[in-house]
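# Tertiary structure, described
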Amino acid sequence: MADQTNHNQAGEVAPSTVDKQAPSVAEEHAPSTDSPEPTDLPSANAPDPQAANPEDNPNAAKPAAVPPKREKPAAAAKAATGEKPAGAAATGEKPAAAAKAAKKEKAPAVEDKPFVEFIEQDYLPALQKAIAQQGVQDLQMSFAKQKVPITGFESAEECWQIIGSWKETGLRQFNLYFPEEDIQGKKGFSCNEGKKPSTLESFLIDERRITLDLLVFGLVQRLDGQKWLGIN
């Protein structure tokens, strides 16, 4: 085997290439004397950080923390103002129209009742009370469908009528006619004192809409104009 030791011209033995590299390699991987630092030299006892379980190996690589999800500016603005998202309807929330519809509905007016029901349940009691307040104590009233008791109307068809009478100062009778069976339709009036009436008058023909109060007031006013009420 040939001698691997190099000789220079002066006959001195020169160090080999391995000997020259050994100090630098040792210095590169030698730990610092100030504080311990990890090296890239493999260790027989240390497990692979990528393959080891983090719970068993404290040196295992930990997964990077997931940054929190950033809310979109539009969604953040709606949340700040209390505005509901566009999908609120899909979750079963009622829109404004449904909320209004859920409120208690307004009760229908008494004038919207069927004609006969309105007269019997509302108009007759109110009229009886109003005339009694004018001093009439023995008022008798009825509601019937019959012929108009006026000369010249014998051939006319029967119509609904309110007939009122009292005998406080002699027989006084009035008739209120509804030929169209509608309080908003045509109406007539007649009155007499102990004999057959001779004139059929129009009643509340200038009013655009007839109400319960107007029907009561109109008849009381007409009877007062006949001087049948109060001190007349």
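### What to know about the pattern of salt bridges
With the rule as written, the count across this model stands at five salt bridges. Two residues, Arg172 and Glu193, come together in a salt bridge whose shortest N-O distance is 3.5 Å. Of this pair, Arg172 sits in strand 5 (residues 172-178) while Glu193 sits in the loop between strand 6 (188-192) and strand 7 (201-202); the two residues are 21 residues apart in sequence, bridging distant segments of the chain. For Arg172, a relative accessible area of 10% gives the class buried. Taking the shortest distance from any N to any O, the salt bridge between Arg222 and Glu201 comes out at 2.8 Å. With a gap of 21 residues between them, Arg222 in helix 5 (residues 212-225) and Glu201 in strand 7 connect regions that are remote in the sequence. Residue classification places Glu201 among the partly exposed positions, given a relative accessible area of 28%.

### Regarding the nonpolar core
Counting residues in hydrophobic clusters, the biggest one holds 32 residues, and the most contacted among them are Ile119, Tyr123, Ile131, Phe174, Leu219 and Leu223. Contributing elements (two or more residues each) for this core: helix 4 (115-132), strand 4 (159-166), strand 5, strand 6 and helix 5. Top element by residues in this core is helix 4. It accounts for eight residues. Beyond its immediate stretch of four places on either side in the chain, Leu223 contacts Ile131, Trp166, Phe174, Phe189, Trp228 and Leu229.

### Quick notes on the confidence of the model for the protein chain
In this model, the protein chain carries an average pLDDT of 74, and 54% of its residues clear a pLDDT of 70 or more. This model gives residues 1-11 a pLDDT under 50, and the stretch forms seven contacts once residues within four places in sequence are excluded.

### Here's the deal with the packing of helix 4 against helix 5
Two elements in contact, helix 4 and helix 5, have axes separated by 10 Å at closest approach and are oriented at 40 degrees. Classified by the angle their axes make, helix 4 and helix 5 are oblique. Here helix 4 runs over helix 5; the crossing is right-handed. In this structure, helix 4 contributes Phe118, Asp122, Tyr123, Ala126, Leu127, Ala130 and Ile131 to the contact, and helix 5 contributes Leu212, Leu215, Val216, Leu219, Val220 and Leu223. A class-by-class count of the residues in the contact of helix 4 with helix 5 yields twelve nonpolar, no polar and one charged.

### Here's the deal with helix 4
In an α-helix, one turn spans 3.6 residues, which is why side chains three or four residues apart end up on the same side. Taking 1.5 Å per residue, 18 residues should reach 26 Å; helix 4 reaches 24 Å between its end C-alpha atoms and fits that length. Maximum bend of helix 4: about 40 degrees, positioned at Tyr123, with proline Pro125 one to four residues after it. Listing the buried residues of helix 4 in full gives Phe115, Phe118, Ile119, Asp122, Tyr123, Leu124, Leu127, Ala130 and Ile131.

### Observations concerning helix 5
Under the 1.5 Å per step criterion, the end-to-end length of helix 5 is 20 Å for 14 residues, consistent within 8% with the ideal 20 Å. Listed as buried for helix 5 are Leu212, Leu214, Leu215, Val216, Gly218, Leu219, Val220 and Leu223. Residues of helix 5 that are buried make contact with helix 4, strand 4, strand 5 and strand 6. Positive backbone phi, at 65 degrees, marks Lys227, one or two positions downstream of helix 5.

### Some points on the pairing of strand 6
Extensive coverage of strand 6 is indicated by the burial of five of its five residues. Burial of strand 6 is two-sided: the residues Gly188, Ser190 and Asn192 facing one way and the residues Phe189 and Cys191 facing the other way are all buried. In the sheet, strand 5 pairs with strand 6 via five bridges, with the strands oriented antiparallel. Considered in strand 6, the bridge of Leu176 is made with Phe189. The pairing of strand 6 with strand 7 spans two bridges and is antiparallel. Among the inter-strand pairings, Phe189 is bridged to a residue of strand 7, identified as Glu201.

Rules used in this analysis
- Residues numbered from 1 in each chain as written.
- Predicted model: local features only at pLDDT ≥ 70, side-chain atom pairs only at ≥ 80, totals over all residues.
- Heavy atoms only, no water.
- Salt bridge = Lys/Arg side-chain N within 4 Å of Asp/Glu carboxyl O.
- Helix = DSSP H or I, 4+ residues; strand = E, 2+ residues; numbered from the N terminus.
- Buried < 20%, exposed > 50% of the residue type's maximum accessible area, 1.4 Å probe, protein only.
- Core = buried A, V, L, I, M, F, W, Y, C linked by side-chain atoms within 4.5 Å.
- Contact = heavy atoms within 4.5 Å.
- pLDDT = per-residue confidence, 0-100.
- Axes fitted to C-alpha atoms, helices over the stretch in contact; angles between N-to-C directions.
- Parallel < 35°, antiparallel > 145°, perpendicular 65-115°, else oblique.
- Left-handed = near helix turned anticlockwise from the far one by under 90°.
- Nonpolar A, V, L, I, M, F, W, Y, C, P; charged D, E, K, R; others polar.
- Expected span 1.5 Å × (residues − 1).
- Bend = angle between axes of the 7 residues up to and from the residue.
- Pairing = 2+ DSSP bridges.

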